[in-house]
Protein chains: 4
Amino acid sequence: MVDGQTNNLMFNGEKAAGAVGDVAGSPEVVLRSDFSVDLVTCSATDMDVVRAARVSTVGSDSLLEEKGKDYCTGLINYMIRNRHGSPFEHNLLTFYVEAPIFTVRHLMRHRMWSFNEESARYRQLYPVFYLPDSERALRQEGKPGEYRYLAGTSEDHRLVRRQVVPAYRTAWSAYTAMLGAGVSREIARTVLPSGIYTSLYATCNARALMHFLSLRTRSEEAKFPSYPQYEIDRVARQMEQAWSARMPITHLAFDLHGRVAP
Amino acid sequence: MVDGQTNNLMFNGEKAAGAVGDVAGSPEVVLRSDFSVDLVTCSATDMDVVRAARVSTVGSDSLLEEKGKDYCTGLINYMIRNRHGSPFEHNLLTFYVEAPIFTVRHLMRHRMWSFNEESARYRQLYPVFYLPDSERALRQEGKPGEYRYLAGTSEDHRLVRRQVVPAYRTAWSAYTAMLGAGVSREIARTVLPSGIYTSLYATCNARALMHFLSLRTRSEEAKFPSYPQYEIDRVARQMEQAWSARMPITHLAFDLHGRVAP
Amino acid sequence: MVDGQTNNLMFNGEKAAGAVGDVAGSPEVVLRSDFSVDLVTCSATDMDVVRAARVSTVGSDSLLEEKGKDYCTGLINYMIRNRHGSPFEHNLLTFYVEAPIFTVRHLMRHRMWSFNEESARYRQLYPVFYLPDSERALRQEGKPGEYRYLAGTSEDHRLVRRQVVPAYRTAWSAYTAMLGAGVSREIARTVLPSGIYTSLYATCNARALMHFLSLRTRSEEAKFPSYPQYEIDRVARQMEQAWSARMPITHLAFDLHGRVAP
Amino acid sequence: MVDGQTNNLMFNGEKAAGAVGDVAGSPEVVLRSDFSVDLVTCSATDMDVVRAARVSTVGSDSLLEEKGKDYCTGLINYMIRNRHGSPFEHNLLTFYVEAPIFTVRHLMRHRMWSFNEESARYRQLYPVFYLPDSERALRQEGKPGEYRYLAGTSEDHRLVRRQVVPAYRTAWSAYTAMLGAGVSREIARTVLPSGIYTSLYATCNARALMHFLSLRTRSEEAKFPSYPQYEIDRVARQMEQAWSARMPITHLAFDLHGRVAP
């Protein structure tokens, strides 16, 4: 199972542009800097929102009427601006995600979502671990909740790599040693770091997604600024991009009105 | 707007087999005994469940693997029986419903669902009201929570009709008189009875639907018997039928294992 | 059971300042214009919020530390302004409410709350009905979602009373006639209007309450204006008043920062 | 901050009977085998349940009536058996918990709860790590979802200790080295294992707690057997014990009727 090939280790290995590659002399530890976000199921259109909203004023006619793009744009913008949220719930987006555990923990705080994750009780994990890429700021200033981030120097990045790779290796080695001796997976995993990758399905509707985006992306346009960690922000942006193609009017309205979930 | 034609009054008027027809001498009051339940959007298959469940043991392979019907049946039955509920959440069913307000109130107790309903503040309602049909038991015995129902005689049904029709007419007349005098809809509606029909979109996933069905259908097979009111039971059964065609393995497993939501 | 005495009909009858009194010649119909909102259980302090928030930066020390009012005020304002909502969830408020069904329906849209309501299946209801008092505007202008309300004239109020009282009486009479003939309560109640009073327990936490207040009160201070119906606004204001005495710092911060739920 | 004294490291250090003590020659790594569960706020009585249930049949009288223990026991058992769940929601329990991250992840799957957790972005963590004690079975047999656990030999326990301690040490050393070099906490924590302790507040009501207990405790009495991991089972049992003292009738009914959440 453990063969050092990123491609075989996780589904999106082949597009892991950020993957740093495996570690010389220790083939079993694979480093990765990117996040997989695939929209695997989607039943979500702007018209779903319009229809659900129209039932309040036209009842059953909402099923039949055809409304032009201008009308839909006006109505959706009105609802976003005035925070009429329920019409944005009659739709579904299911994402398949690969990310480190510490990032997945941010995602799984969102209780309006549904999740199923790879289990370290039920299977042996893969030795794929997170390493910040060169764009990832490594230093921070300021107080909790309002950090400013500073790019690390090349030396900083080398330092991080010098520290995390041996720690990952030691953890992986302890993990496989315990498994080899017959210790159960659920015990052996206690040494695995929060930087190890996991995979999961995450399902939400557009309202829950907007709430998530308002908290987990950092944006100049946001009426209520948020300071999410870089990694969850990158996961969130990929979700936002996939979603915006499906519900372009809703997405534009969300952005235009300060990225406040209705 | 008010023309006494069921067909024009609500979307499903034409298939209202149970509709008693309008009331002689008072064309504006329409009586109806049936409930409309249309599955207008659906993204729900048994394979969605299997894939979400499989991520726990095979991670990304869950995206690619093909599993036969026997395997899926076994896995889904295992999860229903052992109450592993989360894999049943990655799907969507949106129903368009027409039912009396007292029945919609039962439906809207379910907080895992999403709703948008016709608004008596934003529009003038239609004069369509509920009348129990001849199959509806009119009497009950026993204590709250465990009623036994007894069919009414023809005389009972005539009595009910003799009482409800004038009450509906008086209410409707007071409603339109107030509207005619310029009183706002949101005030005028205070006289409208809970038997008046309303329309709404109701969205859920299969897990929430099973929870709803376990409480709002009456069944000999149920491990935990429930005693819902007849009208919500009929709405629920229509939902169950539409759903069972989309997720037949899940539906069969739910039924087989005592109709307990996982 | 039916004796025309407001005092015996519902718990808060004796303080029903707005009650119009019973109707001459028809003692069984009681009119009422007020809403009962009693905070019957409360476990909610500003310190609960501070402690829950502090765990993120000081862990177990949050259990022991004493923080002055200035510190708490600063921290709570920071969290409200930046929409850190979860620390406002570790508390409880249970209200006992008496209001007309159409108002309770507004309240019960809020899915983060818990409810238990008087049942028209399990008991015979009381003949207590809603009549707008003289302060209640009776006319409205403008489009859905942004109504302007206009006070009714005395003649308007007389008109409403002239219409609703006979409708209530007819409904009540049909209800009791059916009950008298042995028809089950759950059928007989179909004629009862949405203006009849019901009673319930409604439980929430401060975060859910702020969300509710942001949508169900009308306020010049609101960053996102809302246009709730007058009756639910009055219920909401009574809840807000009771809550503000228990969590004064949180309430002030909510009001100061535009009444946006964190 | 790092002084090797369990007592100073986390609140419940002094009662950590299971703590193995610090590791010779490496004072900064502390091993711990127990879990802290303190009920820090509680507003929950059996009478809260009875009152909320009684509103359905007696309305406002529910506020005033006194019911004896036999009556309450009968009613609560009836509701548990027939799965009338909503009356069990009008109460609050807030627990302060210290447990390893992998266990807290099990707890935080429960979406009806409210959580605030110590943040590895906002503070430097303590070097307190999980080590299974001698009672913890280390081996497992059987397929996922139905494991049988086998006690480990003394040699097994020595093996686990021999593997985890160096892995913890290496991780902690990499963590502090990165912090010392100015790398942000949120990056440095990527090497910390899921066996590190975290602390949090967790709030629920009795209904959500029963649902949690039905899934996260293992019991012969359970109508639907569950196979939770040992560590979350121990956390759950401590919660159950604290809760049972506050709502003894509800707890007994839950246990008596197969530990199925209503």
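From a predicted model like this one, the values you see are computed outputs, not experimental measurements.

Of the two same-sequence chains, chain D is brought onto chain A (RMSD 0.0 Å, axial shift 0.0 Å) by a rotation of 180 degrees. Classification of the inter-copy transformation places it as that of a two-fold axis. Of the C-alpha atoms belonging to chain D, the one lying closest to the rotation axis is found on Pro193(D), 1.9 Å away. Of the interface residues in chain D, 100% have counterparts in chain A that sit at the interface too, so the contact is made through matching surfaces.

Considering all chains together, one arrives at 72 salt bridges over all chains under this definition. The partner of Arg105(A) in a salt bridge is Glu117(D), with the nearest N and O atoms 2.7 Å apart. A residue pair is termed interchain when its members come from two chains, as with Arg105(A) in helix H4 (residues 101–107) and Glu117(D) in strand E5 (residues 114–117). We classify Arg105(A) as buried; its relative accessible area is 18%.

Turning our attention to helix H8 (residues 230–246) of chain A. Spanning 17 residues, H8(A) covers 25 Å between terminal C-alpha atoms, matching the ideal 24 Å at 1.5 Å per step. Of the positions making up H8(A), those classed as buried are Glu231(A), Ile232(A), Asp233(A), Val235(A), Ala236(A), Met239(A), Glu240(A), Trp243(A) and Ser244(A).

Once that is clear, we can look at the interface of chain B and chain C. With 57 residues of chain B at the interface, the matching set in chain C holds 56 residues. Seen at the junction of chain B and chain C, the total is 4 salt bridges. Glu186(B) is paired through a salt bridge with Arg136(C); the nearest N and O atoms lie 2.9 Å apart. Looking at the side of chain B that touches chain C, the elements with two or more residues in it are helix H4 (101–107), strand E5 (114–117), strand E7 (139–141), helix H5 (154–180), helix H6 (185–188) and helix H8 (230–246) of chain B. When residues in the side of chain B that touches chain C are grouped by element, the largest group, 13 residues, is from H5(B).

As a further point, take the packing of H8(A) against helix H9 (residues 248–256) of chain A. All names here are of chain A. Between H8 and H9, the shortest axis-to-axis distance is 5 Å and the interhelical angle comes to 125 degrees. The angle between H8 and H9 falls in the class oblique. Residues Glu-240, Trp-243, Ser-244, Ala-245 and Arg-246 of H8 touch H9, and the partners they reach there are Pro-248, Thr-250, His-251, Phe-254 and Asp-255. Across the contact of H8 with H9, the residue classes tally to 4 nonpolar, 3 polar and 3 charged.

Right, let's get into the packing of helix H2 (residues 46–58) of chain B against helix H3 (residues 69–82) of chain B. Residues and elements named next belong to chain B. One way to put it is that H2 packs onto H3 with a least axis distance of 10 Å and a crossing angle of 70 degrees. Classed by the angle they form, the pair H2 and H3 counts as roughly perpendicular. Listed contacts from H3 to Asp-46, Met-47, Val-49, Val-50, Ala-53 and Arg-54 of H2 are Tyr-71, Cys-72, Leu-75, Ile-76 and Met-79. Looking at the contact of H2 with H3, its residues break down into 9 nonpolar, no polar and 2 charged.

What the second largest pocket holds in volume is close to 190 Å³. What lines the second largest pocket is Arg136(A), Ala137(A), Tyr149(A), Arg218(A), Pro228(A), Gln229(A), Tyr230(A), Asp233(A), Arg237(A) and Glu186(D). Of the residues forming the lining of the second largest pocket, the biggest block, 3 residues, is contributed by H8(A). Of the residues contributing to the lining of the second largest pocket, the split by class is 4 nonpolar, 1 polar and 5 charged.

About the cut-offs
Residues numbered from 1 in each chain as written. Chains lettered and ligands numbered in written order. Predicted model: local features only at pLDDT ≥ 70, side-chain atom pairs only at ≥ 80, totals over all residues. Heavy atoms only, no water. Least-squares fit on C-alpha atoms with pLDDT ≥ 70 in both. Contact = heavy atoms within 4.5 Å. Salt bridge = Lys/Arg side-chain N within 4 Å of Asp/Glu carboxyl O. Helix = DSSP H or I, 4+ residues; strand = E, 2+ residues; numbered from the N terminus. Buried < 20%, exposed > 50% of the residue type's maximum accessible area, 1.4 Å probe, protein only. Expected span 1.5 Å × (residues − 1). Axes fitted to C-alpha atoms, helices over the stretch in contact; angles between N-to-C directions. Parallel < 35°, antiparallel > 145°, perpendicular 65-115°, else oblique. Nonpolar A, V, L, I, M, F, W, Y, C, P; charged D, E, K, R; others polar. 1 Å grid on protein atoms, 1.4 Å probe; cavity = no way out; pocket = protein on both sides within 12 Å on 5 of 7 lines; lining within 4 Å. Points joined across faces, edges and corners; volume = space filled by probe spheres on them.

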